[in-house]
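Each chain, written out:
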Amino acid sequence: MEVLNIKNLTKVYGSKSGGIKYTALHDINLMVEEGEFLAVMGPSGSGKTTLLNVISTIDKPTSGTVLVDGKDIAKLKEPKLSSFRREKLGFIFQNFNLLDTMTLKENIVLPLSLANVSYKTVQSRLEELSLKIGIKNVLNKYPYEVSGGQRQRAAVIRAIITEPSLILGDEPTGALDSKSAKEVLNCLDELNNNKATILMVTHDAFAASYCKRVVFIKDGKLFNEIYRGDKTRTDFYENILKILSVIGGDNSDIG
Ligand SMILES: Nc1ncnc2c1ncn2[C@@H]1O[C@H](COP(=O)(O)OP(=O)(O)OP(=O)(O)O)[C@@H](O)[C@H]1O
Ligand SMILES: [Mg+2]
């Protein structure tokens, strides 16, 4: 089954205000099946964040449709929209977005208390995930008392504890050193092996090489896509670098 189905998506900024129009996304078609692990790459300004914002219902398409679990998200209105976002989507941001006044554990269970999940369910999911992801021993610490990798792994658990249909990441390893980035990527890989569907935007070819498919966008259009298949991660990484050198989106874009 497909978790995400993007059909003829176009996003034009400034089309309502009557100011200067800018087409950030142009006729994008993209289908993501359940259990996929996908990276979206492209040069700065190519439309990656715009795409993520439209998928995550933060922004609306100018034309075309975005179906999540078969539902047209642009048609949802509050309060249905908020509960849809909470139940179907999990977000992992570059800067963790953990609250410093709460322990990791409190940060993680926050979305569940909003979603009205029972205390027992909360405890058992937390137990299972924190063991698997390896931060059980630091759950009672505050974000400033743990490493960047531990913080981001807590953010990953927070994103997935509601068991969303689709996990969205915006540069989830962007603020991490390479060791912490590997911890988080291994953790995403493990989740994906357990059938989670993950779509992340990244500048980093190393991070993208953990995915099963990489979609490249340039000037708001789909440029190319490659599948890892049975290639080793190193070979896949080399492939990704080659395409980036053609479209001009490499790590030098950071900052
Ligand atoms: N609110 C807005 N109003 C007008 N134009 C915008 C707006 N947001 C983004 N754009 C333009 O749309 C294009 C795509 O922007 P977007 O943020 O999606 O790029 P990106 O691929 O995420 O880039 P980066 O890698 O630098 O984060 C850019 O040219 C940008 O200037
Ligand atoms: Mg961006």
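Predicted model only: the values in this text are computed from it and were never measured.

### Some details on helix α6 (residues 178-193)
Helix length check: α6, at 16 residues, gives a terminal C-alpha distance of 22 Å against a target of 22 Å (1.5 Å per residue), a fit within 8%. Within the span of α6, buried status applies to Ser-180, Ala-181, Val-184, Leu-185, Cys-187, Leu-188, Leu-191 and Asn-192. With its buried residues spanning 160° around the axis, α6 presents them on a single face. Facing away from the buried side of α6, by more than 90 degrees, are the exposed residues Ser-178, Lys-179 and Asn-193. The elements touched by buried residues of α6 are β3 (37-41), β6 (89-92), α4 (119-133), α5 (148-160), β8 (198-201) and α7 (205-208). Count one or two residues on from α6 and you reach Lys-195, which has phi positive near 85°.

### A look at the pattern of salt bridges
Tallied over the full model, the rule gives ten salt bridges. Here Glu-128 ties to Lys-132 by a salt bridge, and the two come within 3.7 Å at their closest N and O atoms. On the criterion of helical spacing, the pair formed by Glu-128 and Lys-132 is a turn pair, its members being four residues apart in helix α4. We classify Glu-128 as partly exposed; its relative accessible area is 49%. Assessed through its relative accessible area of 35%, Lys-132 is described here as partly exposed. Counted as one network, the salt bridges with shared partners bring together Glu-36, Arg-213 and Glu-225.

### Regarding the sheet that holds strand β5 (residues 71-72)
What the four strands build is an open sheet, ordered β2-β1-β4-β5; its pairing is antiparallel. Unpaired on one side and paired on the other, β2 (22-33) and β5 mark the two borders of the sheet. As paired strands, strand β1 (residues 2-13) and strand β4 (residues 63-68) are joined by five bridges and run antiparallel to one another. Along β4, the bridge assignment pairs Ile-6 with Val-66. In this fold helix α1 (residues 48-55) packs onto β1, β2 and β4, with an angle of close to 120° to the strand it touches most, β1.

### So, the sheet that holds strand β10 (residues 221-227)
Two pairing modes exist for strands in a sheet, parallel and antiparallel, and in both the strands are linked by backbone hydrogen bonds. Taken in spatial order, the six strands make up an open sheet running β6-β7-β8-β3-β9-β10, and their pairing is mixed. The two strands at the open ends of the sheet, each matched to only one other strand, are β6 and β10. Looking at each pair of strands side by side, their axes are set apart by 20° on average, direction ignored. Sheet topology note: the β3/strand β9 (residues 213-218) ladder contains four bridges and is parallel.

### Some words on the state of the cysteines
On inspection of all chains with the given rule, the structure shows zero disulfides. Unpaired in this structure, Cys-187 has its nearest cysteine sulfur neighbour in Cys-211, at a distance of 13 Å. Given the relative accessible area of 6%, Cys-187 is considered buried.

### Considering the site of ligand 1
Neighbouring ligand 1 are the residues Tyr-13, Tyr-22, Ala-24, Pro-43, Ser-44, Gly-45, Ser-46, Gly-47, Lys-48, Thr-49, Thr-50 and His-203. The side chain of Thr-50 places a nitrogen or oxygen atom 2.6 Å from an oxygen atom of ligand 1. Protein burial of ligand 1: of its 640 Å² of free accessible surface, 59% is covered by the chains. Only β2 and α1 provide two or more residues apiece to the shell around ligand 1. At three residues, the largest contribution of residues to the shell around ligand 1 is made by α1. Taken together, the residues that form the shell around ligand 1 break down as four nonpolar, seven polar and one charged.

### Thoughts on the nonpolar core
What tends to happen in soluble globular proteins is that the nonpolar side chains get buried as a cluster. Core analysis: the largest hydrophobic core is formed by 48 residues, its most contacted members being Ile-108, Val-156, Leu-188, Val-214, Phe-216 and Ile-240. Contact partners of Val-214, with chain neighbours within four places excluded, come to Ala-39, Met-41, Ala-208, Asn-224, Glu-225, Ile-226, Phe-236 and Ile-240.

### Topic: the environment of Glu-190
Mapped onto the elements of the fold, Glu-190 is located in helix α6. Taking relative accessible area as the criterion, Glu-190 reaches 36% and is therefore assigned partly exposed. For the pair Glu-190 and Met-41, spaced 149 residues apart in sequence, the C-alpha to C-alpha distance is 22 Å.

### Description of α4
For α4, with 15 residues, the first-to-last C-alpha span of 21 Å sits near the 21 Å given by 1.5 Å per residue. The set of residues buried in α4 consists of Val-122, Arg-125, Leu-126, Leu-129, Ser-130 and Ile-133. Down the axis of α4, the sector holding all buried residues measures 120°, keeping them to one side. Across α4 from its buried face, at more than 90 degrees, point the exposed residues Lys-120 and Leu-131. Phi turns positive, to about 80°, at Gly-134, one or two residues after α4.

Reading the values: rules and limits
Residues numbered from 1 in each chain as written. Chains lettered and ligands numbered in written order. Predicted model: local features only at pLDDT ≥ 70, side-chain atom pairs only at ≥ 80, totals over all residues. Heavy atoms only, no water. Helix = DSSP H or I, 4+ residues; strand = E, 2+ residues; numbered from the N terminus. Expected span 1.5 Å × (residues − 1). Buried < 20%, exposed > 50% of the residue type's maximum accessible area, 1.4 Å probe, protein only. Arc of directions from axis to C-beta. Contact = heavy atoms within 4.5 Å. Salt bridge = Lys/Arg side-chain N within 4 Å of Asp/Glu carboxyl O. Pairing = 2+ DSSP bridges. Axes fitted to C-alpha atoms, helices over the stretch in contact; angles between N-to-C directions. Disulfide = S-S within 2.5 Å. Near = heavy atom within 4 Å. Polar contact = N/O pair within 3.5 Å; in protein donor to acceptor, adjacent residues only side chain to side chain. Areas by Shrake-Rupley, 256 points an atom, 1.4 Å probe, with all protein chains shown as cover. Nonpolar A, V, L, I, M, F, W, Y, C, P; charged D, E, K, R; others polar. Core = buried A, V, L, I, M, F, W, Y, C linked by side-chain atoms within 4.5 Å.

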